[in-house]
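For reference, the chains in residue letters:
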Amino acid sequence: MTVTLSVIKADIGGYVGHSSMHPALVEKAQEMLEKAKGRKLLIDYRVMACGDDLQLIMTHSRGEENSEVHKLAFDIFMAGTEEAKRLKLYGAGQDLLSEAFSGNVKGMGPGVAEMEIQERPSEPIIIFMADKTSAGAWNLPLYKMFADPFNTAGLVIAESLHRGFAFEIHDVRTHRKITLNAPDEIYDMLMFLGAPSRHAVKKVFSRASGEIAAVSSTERLTEVAGRYVGKDDPVMIVRCQGNFPAVGEVLEPFAHPFIVEGWMRGSHHGPLMTTSFKDANPSRFDGPPRVIAAGFQLANGTLVGPRDMFDDPAFDQARDEANTLASMLRRHGPFEPHRLPLDEMEYTTMAGIMKKLGTRWEPL
Ligand code: F6R
Ligand code: MG
Ligand code: MG
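Because the structure is a prediction, the values reported are computed rather than measured.

Engineer: Would you take a moment to explain the packing of aromatic side chains for this structure?
Structural biologist: Throughout the structure, instances matching the rule amount to 9 aromatic pairs. Site record: aromatic cluster; members linked through ring pairs are Phe128, Trp138, Phe254, Phe258, Phe310 and Phe315. In this structure, Arg330 is placed above the aromatic ring of Phe285, and the distance from its NZ or CZ to the ring centre is 3.6 Å.

Dropping the structure here:
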């Protein structure tokens, strides 16, 4: 059976500040998705939240970039924005760049990850959702899952994985893409993946079967809007088992925190903290950045789950390490490398400061 998985997310208002999601927005989304399921637009759905982002997880049989499915998500975000305005939630509608839908939510603010698949006899998938970071945050874990034999034993010892994976990489600044193959081209690939503020892995494919293995959202709100309008907190869908890494290999990159951009005012580096669903409410200095993992089995397009994959004491050490790293970075206050380089901050008073002090800068 051919099934399309669509995860479309947006920050349409935070509770309190940018820290979490108000239940009223989840309820509104649930109500509208239930109706869409009733009229057979969707096979199934789940509403989730990570920090201040509302996550619509939908299955259907209409393919990627379907205008009716995108319109549904857009209408839900508009209705949720009304609800957020009524409650005076913080930043109501902040990710919606336009009030008029034009066929596709891409480029309108929401983040989108979609894949059309032939559902296997058993189809385990994991949907990762992050808050207070950006799409490039998935580069390191995707590399580990699909190209690093120290992470994924199957790359060495499983016939189905041994031929490696192809990575479609987007340059979010010049709007170009390239596909590079692992393992043959990993040194070239890492040149780009190692610069995650500019490059993001959009898709990963099995080289043995050509099947899609993973897809992420790579929208970058700042680039889309030309000015700072909110964080492009990313999502990704990863297929597991069989021709793909095992569930445990897909989760393993998160057993140690790594540093991402996007903390406080989108202008600081911080550790990506692996948490259970209930702990994904970034509060300390508006962070540290969070990631949750929702596991599902698909059954003819029906979502069996979610299982809260990081709700496991085996990830406690990752959380402890993240807290240690967070404290260490916080001690730098306004200094790099905690604060982002000047041209990458999403907030900056630099222009004003230069206007005021420009003439006082003298040649050496
Ligand atoms: C938002 C975020 C927050 C905000 C900060 C200031 O995703 O990361 O750290 O940037 O709370 O928010 P504003 O400018 O809305 O007062
Ligand atoms: Mg927000
Ligand atoms: Mg957010």
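Engineer: Help me understand the coordination of the magnesium ion (ligand 3), please; the structure alone is not making it clear to me.
Structural biologist: The textbook angles at a metal center are 109.5 degrees for a tetrahedron of four donors and 90 or 180 degrees for an octahedron of six. The protein atoms that coordinate the magnesium ion (ligand 3) are Asp52 (OD), Asp53 (OD), Asp131 (OD) and Asp233 (OD), at distances of 2.0 to 2.4 Å. Each donor residue of the magnesium ion (ligand 3) belongs to the same chain, with the gaps between them written as D-D-x77-D-x101-D. Between the magnesium ion (ligand 3) and the magnesium ion (ligand 2) the interatomic distance comes to 4.7 Å, and Asp52 is a ligand of both metals. Neither residue differs from the other here; Asp52 and Asp53 are each classed as buried.

Engineer: Could you clarify how one ought to interpret the sheet that holds strand β4 (residues 111–118) in this entry?
Structural biologist: Strands pair in a sheet through their backbones, by hydrogen bonds, and they do so in one of two ways: parallel or antiparallel. The antiparallel open sheet is built from 4 strands, whose spatial order is β2-β3-β1-β4. Each edge of the open sheet carries a strand with a single partner, namely β2 (44–50) and β4. On average, each strand axis in the sheet is tilted by 15° relative to the strand beside it, whichever way the strands run. In this structure, strand β1 (residues 2–10) lies alongside strand β3 (residues 53–60), joined through 7 bridges in antiparallel fashion. The residue of β3 that forms the bridge with Val7 is Ile57. Those strands touched by helix α1 (residues 23–38) are β2 and β3, and its axis lies near 165° from that of β2. Each of β1, β3 and β4 touches helix α2 (residues 67–86); the most contacted strand, β3, lies at about 155° to it.

Engineer: Can you help me understand unusual backbone geometry in this one?
Structural biologist: Most peptide bonds take the trans form, and the phi angle of most residues other than glycine is negative. Backbone torsion omega between Tyr15 and Val16 reads -5°, so that peptide bond is classified as cis. Positionally, Val16 belongs in the loop between β1 and α1. Residues Glu336 and Pro337 are joined by a peptide bond in cis, for which omega reads 5°. Relative to the helices and strands, Pro337 is located in the loop between α9 (316–330) and α10 (350–357). A positive phi angle, close to 70°, is found at Lys132, a residue other than glycine. Turning to its location among the elements, Lys132 is positioned in the loop between β5 (123–131) and α3 (139–147). With a phi close to 55°, Asn300 is a non-glycine residue in the positive phi region. Position of Asn300 relative to the elements: it lies in the loop between β14 (290–299) and β15 (302–308).

Engineer: Would you explain the nonpolar core in this entry?
Structural biologist: When a protein is soluble and globular, its nonpolar side chains tend to lie buried together. Core analysis: the biggest nonpolar cluster contains 40 residues, and Phe128, Leu142, Phe146, Phe167, Met189 and Phe254 have the highest contact counts within it. For this core, the leading source of residues is α3, giving 5 residues. The residues touching Met189, leaving out its near neighbours within four places in the chain, are Tyr143, Ala147, Phe167, Ile169, Leu180 and Ala182.

Engineer: Help me understand the domain arrangement of the protein in this model?
Structural biologist: Often, the extent of an interface is quoted as the loss of accessible area on bringing the components together. Under the domain assignment used here, the protein contains domain 1 (1–118) and domain 2 (122–345). Here domain 1 and domain 2 have C-alpha centroids that lie 21 Å from each other. In total, about 2900 Å² of surface goes out of reach between domain 1 and domain 2, with carbon and sulfur atoms giving 66% of it. The largest share of the area that domain 1 buries against domain 2 comes from Met48, Cys50 and Met115, three residues that together contribute 19% of it. Where domain 1 meets domain 2, there are 1 salt bridge. In this structure, Lys132 and Asp52 form a salt bridge, with 3.2 Å as the shortest nitrogen-oxygen distance. Where domain 1 touches domain 2, the interface holds 11 residue pairs in polar contact (both at pLDDT 80 or more).

Engineer: What am I meant to see in the pattern of salt bridges here?
Structural biologist: Where charged atoms from two side chains of opposite charge come close, those side chains can pair. Scanning the model with the defined rule gives 16 salt bridges in all. A salt bridge links Arg46 to Asp44; the nearest nitrogen and oxygen atoms lie 3.4 Å apart. Judged by relative accessible area, Arg46 falls into the partly exposed class, the value being 23%. Asp44 gets classed as buried once you look at its relative accessible area, which sits at 3%. Taking the shortest distance from any N to any O, the salt bridge between Lys132 and Asp131 comes out at 2.9 Å. Here the salt bridges do not stand alone but share partners, grouping Lys37, Asp44 and Arg46 into one network.

Reading the values: rules and limits
Residues numbered from 1 in each chain as written. Chains lettered and ligands numbered in written order. Predicted model: local features only at pLDDT ≥ 70, side-chain atom pairs only at ≥ 80, totals over all residues. Heavy atoms only, no water. Phe/Tyr/Trp six-rings, centres within 6.5 Å; stacked < 30°, edge-to-face > 60°. Lys NZ or Arg CZ within 6 Å of the ring centre and 35° of its normal. Donors = N, O, S within 2.8 Å, 3.2 Å for Na, K, Ca; no water. Buried < 20%, exposed > 50% of the residue type's maximum accessible area, 1.4 Å probe, protein only. Pairing = 2+ DSSP bridges. Helix = DSSP H or I, 4+ residues; strand = E, 2+ residues; numbered from the N terminus. Axes fitted to C-alpha atoms, helices over the stretch in contact; angles between N-to-C directions. Contact = heavy atoms within 4.5 Å. Core = buried A, V, L, I, M, F, W, Y, C linked by side-chain atoms within 4.5 Å. Domains from an automatic or database assignment. Buried area = accessible area lost by both parts, 1.4 Å probe. Salt bridge = Lys/Arg side-chain N within 4 Å of Asp/Glu carboxyl O. Polar contact = N/O pair within 3.5 Å; in protein donor to acceptor, adjacent residues only side chain to side chain.

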